[in-house]
Amino acid sequence: MRDVPLDEAPSLTPPEPHTLHRWTSTATRAWLRRLGVGLGAVVALGAAFVIWAGLGSPSKLPRVELALPPQRASSWEDVFARGQRVRLCTLETGEVSGARSMLLRGDHVDFDRAREHDPLPIYAHLIRHPARGDALIDAGLSAAFEREPFGNIRAPASWLHRAMGTRFTLPAGRSIGAQLARLGSRPRQVYLTHVHGDHTAGLGELPRDVEIVTGAHEADDLAGHLGYGHFGEGATLSELPFARGVPMPPFDVAIDVWGDGALWALPTPGHSRGHISFVVNAESGPVLLVGDASHYAWAFEHGIGPRGPSERDEAAGQRSLDRLRELVRTHPGLRVVYGHDAPHLICDISPAP
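Described below are features of the structure shown in this document. Given the structure is predicted, the values throughout are model-derived calculations rather than measurements.

Concerning the overall build of the protein
Looking only at helices and strands, the protein has seven helices and 14 strands in total. With 353 residues in all, the protein has 50% of them scored as buried. For the protein, long-range pairs separated by at least 24 residues make up 72% of all intrachain contacts whose partners lie at least 6 apart in sequence. When the accessible surface of the protein is summed, it comes to about 17300 Å², and 58% of that surface belongs to carbon and sulfur atoms.

Structure below.
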């Protein structure tokens, strides 16, 4: 190996400062450009996902205050004795399977172990008023659930249900549209106890001009932003203005929805922000539709409130349940239909000829 003279050896002299700076600046700019493109793509995809996931969500809809007739303070005894009577029919529109204990408030220590995994029915309630025509409380399931266990529930809500292990089943001919057709019904209004997907999935099978009514600020609930995909373009939400209601103990305020005592709305927040329950002055006797303020009889009887989005909501839900239980205690003639449990199904409406 020959020695290389120093004047022939490769130069180890570092590059001039301006050359190094130029190379570094070029590499940095290229790296930043790639990073910017990557971050831009992530942001764009994220924004697209948020927009797509929010399609059909009530939080995006315009809202108006529901027009109310003059409100007059009364007593439940007077309402049940002299209020307008209407026909009521509870429609079972399929079932949902999952752990019942998951529906109870987060700090509960007891649940109905014997029926923990029994399927829960999904209801809608048809009211037939002699002068106003038909109205619906909740919309049940659509025929899409006959073919697919998550029916018309969009992602990401359907992914959430899959992760929770919930499944929906709907026998043929039991969708809300099919049942309303058999009863010759074309509802003018649908009152939603809340905007969770198992209560809104059938909206697309109702008349296009049906008025959708919710509790105040229900669309601002977490579920209102989730995007189940059940609220069509051009829809408007009519919100119940409880500030214009009247005291109806044990509730500080309630709304006589039609002004004749036939239907009363009760604010029962907790399971959702604007959840509402109803008292129906049915021909066969007054009925309390609690909605998901209490999902099933065992929870109502044991005084365990519903699960909610937060501890604060669950505390509100417990207060709502306590008021409902007091209403039933002081008026034992009230028949109770729970959100997903009706030991005695009620139907005063016969199928159309």
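Quick look at the state of the cysteines
Inspection of the entire model under this criterion finds one disulfide. Disulfide pairing is shown between Cys-89 and Cys-347; the S-S distance is 2.0 Å. Where Cys-89 bonds to Cys-347 through sulfur, the torsion about that S-S bond is close to -95 degrees, and the disulfide is left-handed. Of this pair, Cys-89 sits in strand S2 (residues 87–97) while Cys-347 sits in the segment after strand S14 (335–338), placing them 258 residues apart in sequence. A residue is classified by how much of its surface remains accessible, and Cys-89, at 4% relative accessible area, is buried.

Section: the sheet that holds strand S10 (residues 251–256)
Taken together, six strands build an open sheet; the order of strands is S9-S10-S11-S12-S13-S14 and the sheet is mixed. The sheet is open, and its two edges are formed by strand S9 (246–248) and S14, each paired on a single side. Taken pair by pair, the neighbouring strands of this sheet meet at an average axis angle of 35 degrees, ignoring direction. Across five bridges, the pairing between strand S12 (residues 276–282) and strand S13 (residues 285–291) is antiparallel. Within S13, the residue paired with Phe-278 across the bridge is Leu-289.

Here we look at the pairing of S13
For S13, the buried fraction is high: seven of the seven residues fall into the buried class. Counting the residues between successive antiparallel strands, the hairpin from S12 to S13 contains two residues. Bridge count for S13 against S14 is four bridges, and the pairing is parallel. Bridge pairing links Gly-291 to Tyr-338 in S14.

What about the environment of Ala-81?
Mapped onto the secondary structure, Ala-81 falls in helix H2 (residues 76–82). For the pair formed by Ala-81 and Asn-281, sequence separation is 200 residues and the distance between their alpha carbons is 9.3 Å.

A few points about the packing of aromatic side chains
If you walk through the whole model with that rule in mind, you get seven aromatic pairs. Taken together, a centroid distance of 5.4 Å and an interplanar angle of 65 degrees make the contact between Phe-145 and Phe-168 edge-to-face. One end of the pair, Phe-145, is in the loop between strand S4 (133–137) and helix H3 (157–164); the other, Phe-168, is in strand S5 (residues 167–169), and 23 residues separate them in sequence. Taken individually, Phe-145 and Phe-168 each receive the classification buried, so the pair is uniform in this respect.

Here we look at H3
Along H3, the residues classified as buried are Ala-157, Ser-158 and His-161. All buried residues of H3 lie within an arc of 100 degrees about the axis, which places them on one face of the element. Buried residues in H3 make contact with S5. Following H3 by one or two positions, Gly-165 adopts a phi angle in the positive range, close to 80 degrees.

The rules we used
Residues numbered from 1 in each chain as written. Predicted model: local features only at pLDDT ≥ 70, side-chain atom pairs only at ≥ 80, totals over all residues. Heavy atoms only, no water. Helix = DSSP H or I, 4+ residues; strand = E, 2+ residues; numbered from the N terminus. Buried < 20%, exposed > 50% of the residue type's maximum accessible area, 1.4 Å probe, protein only. Contact = heavy atoms within 4.5 Å. Areas by Shrake-Rupley, 256 points an atom, 1.4 Å probe, with all protein chains shown as cover. Disulfide = S-S within 2.5 Å. Pairing = 2+ DSSP bridges. Axes fitted to C-alpha atoms, helices over the stretch in contact; angles between N-to-C directions. Phe/Tyr/Trp six-rings, centres within 6.5 Å; stacked < 30°, edge-to-face > 60°. Arc of directions from axis to C-beta.

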